[in-house]
Amino acid sequence: TSVNPATGQPYGNSFPLLTIRDLVAIHRLLAQHLQINAVQLLCGGSMGGQQAQEWAIIEPQLIKNLFVIATNPRHSAWGIAFNEAQRMAVESGSLETARAIAMLSYRNYHMYGRTQTEDDDRIENYKAASYQRYQGEKLKKRFDANAYHVLSRAMDSHNVGRGRASMENALSGITARTLVIGISSDILFPVHEQQFIAAHIPGAVYEEIDSPYGHDGFLIETDQITALIKKHLSI
């Protein structure tokens, strides 16, 4: 747990706000330290895609090719509401509940129906219920609740247009050869958000993956994603 140097006490959920731009600034410092003068391909999905856009806006000359998937130019009210519900759970002492809430946004109605529906007439001990508890327990064993809190607040801060006149103006400054991918069943980052990104980055290409996995498709559909990247880079 991080400690506040001023008090010697753990920060807890009072850790200073980090924005997406702050996270990008850290990566930029690392790149400078490593003397990286060009990034041939910058990739990011979801929150990583938010960071990738920011970096490509801040240092357009550094980023040669940009690939983002299942992300947005500004975090939506829908996404912020999901994150706040998760933070409320964390503040109540339950990272497991926060993760269970998140899982509802990562998948969708049809995916739960397909994988978590019983083939019998039971009246308790449902697959969907045990799945939610399993996912919550799994995350609790490997993740710090305060870090979860900080990262979700950082995601909420995302807005490429902040201080840059508009999102359209900010995206228009990206010079990287850009591929943007949406996922047909994503309810957390709907495809219209990726279409907006592609429409306002000069020369950007938009592709869409047909996947039943919702937002998690950006982690699961590796074959489809690989094929589209190879196509875009003409490999």
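For the structure, see preceding data.
For every chain, the first residue of the written sequence is number 1, and numbering continues from 1 onward in sequence order. Per-residue local features of the predicted model are confined to residues with pLDDT of at least 70, and side-chain atom pairs are confined, for both listing and counting, to 80 or more; whole-chain, interface and lining totals are unaffected and use all residues. No hydrogens and no water enter the side-chain calculation; it runs on all heavy atoms of the structure.

Thoughts on the overall build of the protein
- Helix numbers and strand numbers start at the N terminus; a helix is a DSSP run of H or I with at least 4 residues, a strand a run of E with at least 2. What the protein contains, in helices and strands, is eleven helices and four strands.
- Every radius of gyration here is taken over C-alpha atoms, with the globule rule written as 2.2 Å times N^0.38, N being the number of residues. Its C-alpha radius of gyration of 19 Å places the protein within 12% of the 18 Å reference for a compact globule of 235 residues.
- Overall, the protein is about 60 × 50 × 30 Å in size when its C-alpha atoms are taken along their principal axes.
- The contact rule is simple, with two residues in contact once any of their heavy atoms fall within 4.5 Å. Put simply, 73% of the contacts in the protein that link residues at least 6 apart link residues at least 24 apart.
- Per-residue and other accessible areas were derived by the Shrake-Rupley procedure at a 1.4 Å probe size, with only the shown protein chains allowed to occlude residues. In the form shown here, the protein has an accessible surface area of approximately 12,300 Å², with 55% of it arising from carbon and sulfur atoms.

A closer look at the sheet that holds strand β4 (residues 205–209)
- Any two strands with at least two DSSP bridges between them are considered paired. Ordered by their spatial adjacency, four strands build an open sheet running β1-β2-β3-β4, and the pairing between neighbours is parallel. Looking at which strands have only one partner, the edges of the open sheet turn out to be β1 (42–45) and β4. Strand-to-strand twist across the sheet, computed as the mean angle between neighbouring axes with direction ignored, equals 15°.
- Here five bridges tie strand β3 (residues 177–183) to β4, and the two strands are oriented parallel to one another. Looking across to β4, one finds that Ile-181 is bridged to Glu-207. Angles here are taken between N-to-C directions and fall from 0 to 180 degrees, while the axes themselves are lines fitted to C-alpha atoms, restricted in helices to the stretch in contact.

Thoughts on unusual backbone geometry
- The phi dihedral of Gln-35 falls on the positive side, at around 60°, and the residue is not glycine.
- Mapped onto the secondary structure, Gln-35 falls in the loop between α1 (20–33) and β1.
- In this structure, Ala-165 takes a positive phi of about 80° despite not being glycine.

Section: the packing of α1 against helix α2 (residues 47–58)
- Running from N to C, α1 and α2 point in directions that differ by 65°, and their axes come no closer than 9 Å. The two elements α1 and α2 meet at a crossing, and its hand is right-handed. Contacts from Ile-20, Arg-21, Leu-23, Val-24, His-27, Arg-28 and Ala-31 in α1 reach Met-47, Gln-50, Gln-51, Glu-54, Trp-55 and Ile-58 in α2.
- Counted by class, the contact of α1 with α2 contains seven nonpolar, three polar and three charged residues. Helix crossings fall into two classes, left-handed where the near helix is turned counterclockwise from the far one by less than a right angle and right-handed where it is turned clockwise. Residues are grouped as follows: Ala, Val, Leu, Ile, Met, Phe, Trp, Tyr, Cys and Pro are nonpolar; Asp, Glu, Lys and Arg are charged; all remaining types, including Gly, are polar.

Notes on the pattern of salt bridges
- The rule for a salt bridge is simple: a side-chain nitrogen of Lys or Arg has to be within 4 Å of a carboxyl oxygen of Asp or Glu. All told, the structure shown has nine salt bridges when counted by the stated rule.
- Via salt bridges that share partners, Arg-21, Glu-54 and Arg-164 belong to a single interconnected network.

So, the pairing of β3
- Within β3, six of the seven residues are buried, leaving the element largely enclosed by the surrounding structure.
- Looking down the strands as they point away from the viewer, one classifies a crossover as right-handed if the path from the first strand across the helix to the second runs clockwise. Viewed along the sheet, the connection from β3 through helix α9 (residues 191–200) into β4 turns out right-handed. Relative accessibility thresholds used throughout: buried, under 20% of the residue-type maximum; exposed, over 50%; partly exposed, between the two (1.4 Å probe, protein chains only).

Some thoughts on the packing of aromatic side chains
- Pairing of aromatic rings covers Phe, Tyr and Trp, the last through its six-membered ring, and needs centres within 6.5 Å; plane angles under 30 degrees mean stacked, over 60 mean edge-to-face, and all others mean tilted. Per the stated rule, a full pass over the model turns up three aromatic pairs.
- Aromatic side chains Trp-78 and Phe-82 sit 4.9 Å apart centroid to centroid with 85° between the ring planes, which places their arrangement in the edge-to-face category. Residue Trp-78 and its partner Phe-82 are located together in helix α3 (residues 77–91), separated by four residues, close to a single helical turn.
- Look at Phe-82 and you get buried, because its relative accessible area is 15%.
- Geometrically, the ring pair formed by Phe-143 and Tyr-148 is edge-to-face, given 6.1 Å between the ring centres and 85° between the ring planes.
- Tyr-148 sits in the buried class, given a relative accessible area of 11%.

Considering the packing of helix α4 (residues 95–106) against helix α6 (residues 127–142)
- In contact at an axis separation of 8 Å, α4 and α6 are set at 125° when each is read in the N-to-C sense. Judged by the inter-axis angle, α4 sits oblique to α6. When you trace α4 past α6, the crossing you get is right-handed. Here Leu-95, Glu-96, Arg-99, Ala-100, Met-103 and Leu-104 of α4 come into contact with α6, specifically with Tyr-131, Gln-132, Gln-135, Gly-136, Glu-137, Leu-139, Lys-140 and Arg-142.
- Within the contact of α4 with α6, the residues separate by chemical class into six nonpolar, three polar and five charged. Any angle that falls under 35 degrees is termed roughly parallel, while one over 145 is termed roughly antiparallel, one within 65 to 115 roughly perpendicular, and all others oblique.

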